[in-house]
Amino acid sequence: MRALTHSRFPLRTELFPFATFPIQDGLLPGESGPGYVLRMASKNHVGYYELLRHIDLYPYPYLTIDATTKIAPLFGVMSKNIMRVTAENYKIYGQCHTKLNGLIFKKPYLIRQRSPQVCHLCLKENSYAQLAWDLTLYTACIAHKISLIDHCPSCNKPLSWARNDLSLCKCGKPLFSDSVKSIPASESQLLVSKVISHKFAGDIPCSISNTFLFQLFDSLSLDIFMRLVWSFGLHDQSKFSRRTQGKQIPCTNSTIELINHSISRINYALNHNFSSPLEIDINQTSLNDVLNDANYVEFKKIHHLLDKVSELDKLPRILDSNSSKQLSLFE
Ligand SMILES: [Zn+2]
Ligand SMILES: [Zn+2]
């Protein structure tokens, strides 16, 4: 056997004749698929683009499901296990769907596949990327009660998966240091993150002190919950509609603005006890879309909220849709 220099492992360029990489590890609980690939690449001292070249894939600056399922076995994880924690896009009747963690998301803007965000304190403590960070509306770390970041604190450029270490930006500067300030998360952000954690991971108890909100959110699927929050938050319609039509993901700061606006409006409507409906200008196209995809129970719960809001004449009425939703069960 050839003598090795400096390390008990072969030099990086000598690795490539081997079927797998020397340092192996499994997926951690709650770890993101692309995050796993970056964690293991840096443990094996292989750069991002070097890795893609090694498996002969086009060097996109983000990891597709093709890439992670080809790469993961090199580090010791079976393709089917990495598939679950990597966003998979497909179309049904021309409509984009994304599958992640066994759940279906019907709008591309709900998943941040190409533009990662991180909690820099979690990265510092645990050195792995959490799967929940890949959800657009998950903007607050529940453990540290701070906002996630999607920009480098040093060069201010958007974070990319094409970096050589989870804790470093492409510019080479660390994502955490004593000079990086943490921004406290709002109550609304934390509430949305808690509901997402509960519905996404399944095993985390959801503690929401607001009973009305809890009853509403508890009955919704994760897809419908996030789209309802999204619809109520669209106050600057032109800004967001242009982005979502182009399938671009809004930056974390814009999403935080949307969440704060949305939760305060939902809360206000739920606690409204006056005889006249509230005047809230809601994006009807977006809300209509949510109602069309809601099941019967979700539809009823959302309408309980909408009944308190005026300007909603064009939405499907609960009586009309009751019968059609029941009928559709037997089609
Ligand atoms: Zn954290
Ligand atoms: Zn940077």
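What comes next is a walk through the structure. Fair warning: this is a prediction, and the values are worked out from it, not measured in the lab.

1. Here we look at the overall build of the protein
Here comes step 1: Across its full length, the protein holds 14 helices and five strands.
Here comes step 2: Looking at the protein as a whole, 36% of its 331 residues qualify as buried.
Here comes step 3: Contacts in the protein between residues at least 24 apart in sequence constitute 66% of all its contacts with a sequence separation of at least 6.

2. Re the environment of C141
Here comes step 1: As for its placement among the helices and strands, C141 is situated in strand β4 (residues 140-141).
Here comes step 2: Among the residues examined, C141 registers 23 C-beta atoms within 10 Å and is labelled buried.
Here comes step 3: Distance in space between the C-alpha atoms of C141 and S193 is 7.4 Å, their sequence separation being 52 residues.
Here comes step 4: C141 has contacts with C119, L121, C122, I146 and L148, leaving out every residue within four places of it along the chain.

3. Digging into the sheet that holds strand β1 (residues 88-92)
Here comes step 1: On the basis of which strands lie adjacent, the open sheet formed by three strands has the order β1-β2-β3 and antiparallel pairing. Both edges of this open sheet fall to β1 and β3 (103-105), since each of them pairs with a single strand only. When the angles between neighbouring strand axes are averaged without regard to direction, this sheet yields 35°.
Here comes step 2: The sheet contact formed by β1 and strand β2 (residues 95-100) spans five bridges and is antiparallel. Bridge assignment links N89 to a residue of β2, and that residue is T98.

4. Topic: the packing of helix α7 (residues 187-201) against helix α11 (residues 252-270)
Here comes step 1: At a minimum axis separation of 8 Å, α7 and α11 run at an interaxial angle of 90°. With respect to their mutual orientation, α7 and α11 come out roughly perpendicular. Of α11, the residues touching α7 (which contributes S188, Q189, L191 and V192) are I256, I259, N260, I263 and S264.

5. Overview of the packing of helix α9 (residues 222-233) against α11
Here comes step 1: Relative orientation of the contacting elements α9 and α11 amounts to 90°, with a least axis distance of 7 Å. Judged on the interaxial angle alone, α11 and α9 are roughly perpendicular. Residue-level contacts link V229, W230, F232 and G233 of α9 to L258, I259, H261, S262, R265 and I266 of α11.
Here comes step 2: For the contact of α9 with α11, a count of residues per class yields six nonpolar, three polar and one charged.

6. Description of α9
Here comes step 1: For α9, with twelve residues, the first-to-last C-alpha span of 17 Å sits near the 16 Å given by 1.5 Å per residue.
Here comes step 2: In terms of burial, α9 is largely enclosed, as twelve of its twelve residues are buried.
Here comes step 3: For α9, every residue scored as buried is listed here: L222, D223, I224, F225, M226, R227, L228, V229, W230, S231, F232 and G233.
Here comes step 4: For α9, the secondary structure elements touched by its buried residues are β3, α7, α8 (211-218), α11, α12 (284-293) and α13 (296-306).

7. Here's the deal with the pairing of β2
Here comes step 1: If you look at the hairpin formed by β1 and β2, you'll find two residues sitting between the two strands, and Y93 has a positive phi there, around 50°.
Here comes step 2: With three bridges connecting them, β2 and β3 associate as antiparallel partners. Residue L100 lies in a different strand from β3, and its bridge partner there is L103.
Here comes step 3: The antiparallel hairpin formed by β2 and β3 contains two residues in its connecting segment, where N101 sits at a positive phi of about 55°.

8. With respect to the nonpolar core
When a protein is soluble and globular, its nonpolar side chains tend to lie buried together.
Here comes step 1: Ranked by size, the top nonpolar core spans 80 residues in total, and within it I196, F225 and V229 carry the most contacts.
Here comes step 2: Top element by residues in this core is α9. It accounts for eight residues.
Here comes step 3: Each residue touching I196, except ones within four places of it in the same chain, is listed here: A132, L135, L137, Y138 and L222.

9. Some thoughts on the environment of D134
Here comes step 1: For D134, the position within the fold is in the loop between α6 (120-126) and β4.
Here comes step 2: Distance in space between the C-alpha atoms of D134 and A87 is 8.7 Å, their sequence separation being 47 residues.
Here comes step 3: Among all residues touching D134, those that are not within four sequence positions of it are S32, A87, L100, I111, R112 and Q113.

10. Remarks on the environment of D281
Here comes step 1: Note on placement: D281 falls in the loop between α11 and α12.
Here comes step 2: On the neighbour-count criterion, D281 (12 C-beta atoms within 10 Å) is exposed.
Here comes step 3: Separated by 49 residues in sequence, D281 and F232 place their C-alpha atoms 8.9 Å apart.

11. Describing α11
Here comes step 1: Counted at 1.5 Å a residue, the expected span for α11 with its 19 residues is 27 Å, and the 27 Å between its end C-alpha atoms agrees.
Here comes step 2: Along α11, the positions that sit buried rather than exposed are T252, T255, I256, L258, I259, S262, I263, I266 and A269. End-on, the buried residues of α11 take up no more than an arc of 165°, which puts them together on one face.
Here comes step 3: The inward-facing, buried residues of α11 contact β5 (146-147), α7, α9 and α13.

Calculation criteria
- Residues numbered from 1 in each chain as written.
- Chains lettered and ligands numbered in written order.
- Predicted model: local features only at pLDDT ≥ 70, side-chain atom pairs only at ≥ 80, totals over all residues.
- Helix = DSSP H or I, 4+ residues; strand = E, 2+ residues; numbered from the N terminus.
- Buried ≥ 20, exposed ≤ 12 C-beta atoms within 10 Å, placed from the backbone.
- Contact = placed C-beta atoms within 7 Å.
- Pairing = 2+ DSSP bridges.
- Axes fitted to C-alpha atoms, helices over the stretch in contact; angles between N-to-C directions.
- Parallel < 35°, antiparallel > 145°, perpendicular 65-115°, else oblique.
- Nonpolar A, V, L, I, M, F, W, Y, C, P; charged D, E, K, R; others polar.
- Expected span 1.5 Å × (residues − 1).
- Core = buried A, V, L, I, M, F, W, Y, C linked by C-beta atoms within 7 Å.
- Arc of directions from axis to C-beta.

In short, the description is geometric, and any link to function would need to be established separately.
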